[in-house]
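Structural description and commentary
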Amino acid sequence: MDLIQNYQENSEESSPERPSGSGSQPSSPDSSPMRLELPSKSSAPQVDDAVVALGVADPNLSRNVEKPIDPVQHLVSFNPTFDQLWAPIYGPSHPYAKDGVAEGMRNHKLGFVENASIEPFLFDEQYNTFHKYGYAADPSGYVGSEYIGDLDALQKNSGLSVYNVPKNEQKKRRKTELQKNEEEGEKEDLGPEVDNPETQEWLLKNRKSPWAGKKDEVQTELTEEQKKYAEEHAQKKAAAEREKSGITEVTEKSTFHGKEERDYQGRSWILPPKDAKATNDHCYIPKRWVHTWSGHTKGVAAIRFFPKHGHLLLSAGMDTKVKIWDVFNSGKCMRTYMGHAKAVRDITFSNDGTKFLSAGYDKNIKLWDTETGKVISTFSTGKIPYVVKLNPDEDKQNVLLAGMSDKKIVQWDMNSGEITQEYDQHLGAVNTITFVDNNRRFVTSSDDKSLRVWEFGIPVVIKYISEPHMHSMPSISLHPNGNWLAAQSLDNQILIYSTRERFQLNKKKRFAGHIVAGYACQVNFSPDGRFVMSGDGEGKCWFWDWKSCKVFRTLKCHEGVCIGCEWHPLEQSKVATCGWDGMIKYWYDIIIFTRLSLL
């Protein structure tokens, strides 16, 4: 304690006296700390106050105000003016300049170079102008000296730079230079090598082609040797393209499975029987499964009855084969058509049934002779055809329409093999083509969830149908009266559209109950238009009444997907179905079948 008391006394004696304003109160921890005041500095030269005072008293000292300032001087004896601070430091008149440059200011071997901010384009323009014409804009920018260099050339060229020469002047100069070069080239002696076509001298002399001015002779017909070479070249090119795309070459062949292709009277096997006539105009829903055609090793994608008579049934298989079956007599396969390298997507008959088209995933469309099984012609654009259709008019059976995977509908003339029209408006792959209005128009559906109506031969959409609630429609069928379209929608319903001018949706007719989401199940009508039928993803075939839109009957047809269904064109109570189980099944109405068996 004594030590602490002595320390406190010593500290009080050594502490300085506090100002009177603070009193004798001891310092507390809450009081503000001591502040240190640093002396201020200025970057300007220091002015000697004594000399300034003497300069005011003595007028002789005030003469220094008119003298320039030494650039390396750090202390001045007077207040310099603005003009003195910014006076130029070059020139022999400067008292502190050596060779025209002030001491300490030399930054180049030739003197002092001032920095200037000039755009690169402007610098290049003036630099090139000065080297070409001898004049340029003064970079110092002083009034009265706007240009430097050859002022006569400046006046002659009207102050033009290399970058703003008029176009007419440029053309004149180019022509002058070309003419000058040609004259000089003619005057030059090219030497003895001028006659040698391999030398540069010969090329300079003969600038024009020796064949110039001669008309090419049009070759009217190829020789036999040229035709042979062209065929070989086309075959090699096709083989190279197939090898590049990974498509194996498939030989086009056909096998006949019947007893004989012609009967004892010389009639072909594709001719309909003479007794093939319509038995009844009234259609009935089939009830009984009576026959199965099994020959495809994979699923069946589509089936089509022979036009008008239906005595033959054509089927497209995923095993790359197309088969035709007898319906009336033996019920066996009559012929197999082999020519596709991948699964067959769609098939369609001509009006008389003597020819048919097949579209495959090998990107080829083939026209077949139904009787002989030969391939008449092949069409391809390098894209996958999803649907093929012939114009139903008798005089336009040579016109082929195909909906492709590249959003186009391509029209061919099968006689010439040339593409005559392309309908390119869809935003997705084209799925269906349906002719309406006496074949003057056709309706297409696509993966872009829209319907588009076209005038045949005119690639302009006359009606565009697309609503937010619409789904993709992979199958469309025309009603027998031609006034309605049934569209299979992928939201598990069948929608009805009018084929008249406005193509409106009939909101009163809607057929639902089946499951088709994800499958392009075919929709179809009975020949009398009283029933609507469709397959579904569970292997069932559904029948609806056209007037009431109610489900009339459901048949369990296939183990897998029931992808296609066709109503017989003559015998109105018979239906054929196909599925992904590889089977084609034939269905009768039980009453009609019993009546026929009794007869």
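Residues numbered from 1 in each chain as written. Predicted model: local features only at pLDDT ≥ 70, side-chain atom pairs only at ≥ 80, totals over all residues. Heavy atoms only, no water.

Within the protein, the secondary structure is distributed over 9 helices and 35 strands. By the burial criterion, 35% of the 599 residues in the protein qualify as buried. Long-range pairs, those at least 24 residues apart, make up 45% of the contacts in the protein with a sequence separation of at least 6. Looking at the protein as shown, the accessible area adds up to about 38600 Å², and 51% of this sits on carbon and sulfur atoms. (Helix = DSSP H or I, 4+ residues; strand = E, 2+ residues; numbered from the N terminus. Buried < 20%, exposed > 50% of the residue type's maximum accessible area, 1.4 Å probe, protein only. Contact = heavy atoms within 4.5 Å. Areas by Shrake-Rupley, 256 points an atom, 1.4 Å probe, with all protein chains shown as cover.)

Under the defined criterion, the tally for this structure stands at 27 aromatic pairs. With a centroid separation of 4.9 Å and 75 degrees between ring planes, the pair formed by Y337 and F356 is classed as edge-to-face. With Y337 in strand β12 (residues 333-338) and F356 in strand β14 (residues 355-360), this pair connects stretches of sequence that are 19 residues apart. Look at F435 and F456: their rings are 6.1 Å apart centre to centre, the planes differ by 55 degrees, and that puts the pair in the tilted class. Here the residue F435 occupies a position in strand β21 (residues 430-436), and F456 occupies one in the loop between β23 (451-455) and β24 (458-465), the gap between them amounting to 21 residues. Here F435 and F456 have matching classes, each one buried. Ring pairing ties together the aromatic residues W484, F511, F525, W542, W544 and W546, which thus form one cluster. A cation over an aromatic ring shows up here: R345 above the ring of Y386, its NZ or CZ 4.7 Å from the ring centre. (Phe/Tyr/Trp six-rings, centres within 6.5 Å; stacked < 30°, edge-to-face > 60°. Lys NZ or Arg CZ within 6 Å of the ring centre and 35° of its normal.)

What follows concerns the sheet that holds β21. The antiparallel open sheet is built from 4 strands, whose spatial order is β21-β22-β23-β24. Each having just a single partner strand, β21 and β24 make up the two edges of the open sheet. Averaged over all neighbouring strand pairs, the angle between strand axes comes to 30 degrees, with direction disregarded. Here β23 pairs with β24 via 5 bridges, running antiparallel. Residue V453 lies in a different strand from β24, and its bridge partner there is K463. (Pairing = 2+ DSSP bridges. Axes fitted to C-alpha atoms, helices over the stretch in contact; angles between N-to-C directions.)

A surface patch of like charges, here positive, comprises K167, K171, R174 and K175. Of note, K175 is situated in helix α6 (residues 167-187). (Patch = residues over 30% accessible without salt bridge, like charges linked within 9 Å, V, L, I, M, F, W, Y side chains within 5 Å. Salt bridge = Lys/Arg side-chain N within 4 Å of Asp/Glu carboxyl O. Lys, Arg positive; Asp, Glu negative; His and termini not counted. Charge placed at Lys NZ, Arg CZ, Asp CG, Glu CD.)

By the definition in use, this model includes 14 salt bridges. We note a salt bridge from K366 to E252, for which the minimum N-O separation is 2.6 Å. You can see K366 sitting in strand β15 (residues 365-369) and its partner E252 sitting in the loop between α8 (224-245) and β7 (253-256), a full 114 residues away along the chain. For K366, a relative accessible area of 4% translates into the label buried. Taking relative accessible area as the criterion, E252 reaches 44% and is therefore assigned partly exposed. D437 serves as the salt-bridge partner of R440, at 2.8 Å between the closest nitrogen and oxygen. Each of D437, R440, R441 and E455 takes part in salt bridges that share partners, so that together they form one network.

The 4 strands lie next to each other as β17-β18-β19-β20, forming an open sheet whose pairing is antiparallel. The sheet is open, and its two edges are formed by β17 (385-390) and β20 (418-423), each paired on a single side. Each strand axis lies, on average, 25 degrees off the axis of its neighbour in the sheet, ignoring direction. Bridging between strand β19 (residues 409-413) and β20 involves 5 bridges; their strand directions are antiparallel. By the bridge assignment for β20, Q411 is matched with Q421.

Within the element layout of this structure, Q411 appears in strand β19. Assessed through its relative accessible area of 9%, Q411 is described here as buried. Leave out the neighbours within four places in its chain, and Q411 touches V399, L400, L401, E418, I419, T420, Q421, Y423, F456 and G457.

Bringing the confidence of the model for the protein into the picture now. Scored by pLDDT, the protein has a mean of 80; 76% of the residues are at 70 or more. Per-residue pLDDT stays below 50 along residues 14-29; that stretch engages in 3 contacts with residues further than four places along the chain or on separate chains. (pLDDT = per-residue confidence, 0-100.)

Here we come to the environment of N164. Structurally, N164 is set in the loop between α5 (151-156) and α6. Residue classification places N164 among the partly exposed positions, given a relative accessible area of 37%. Taking C-alpha positions, N164 is 9.5 Å from E125, a pair spaced 39 residues apart along the chain.

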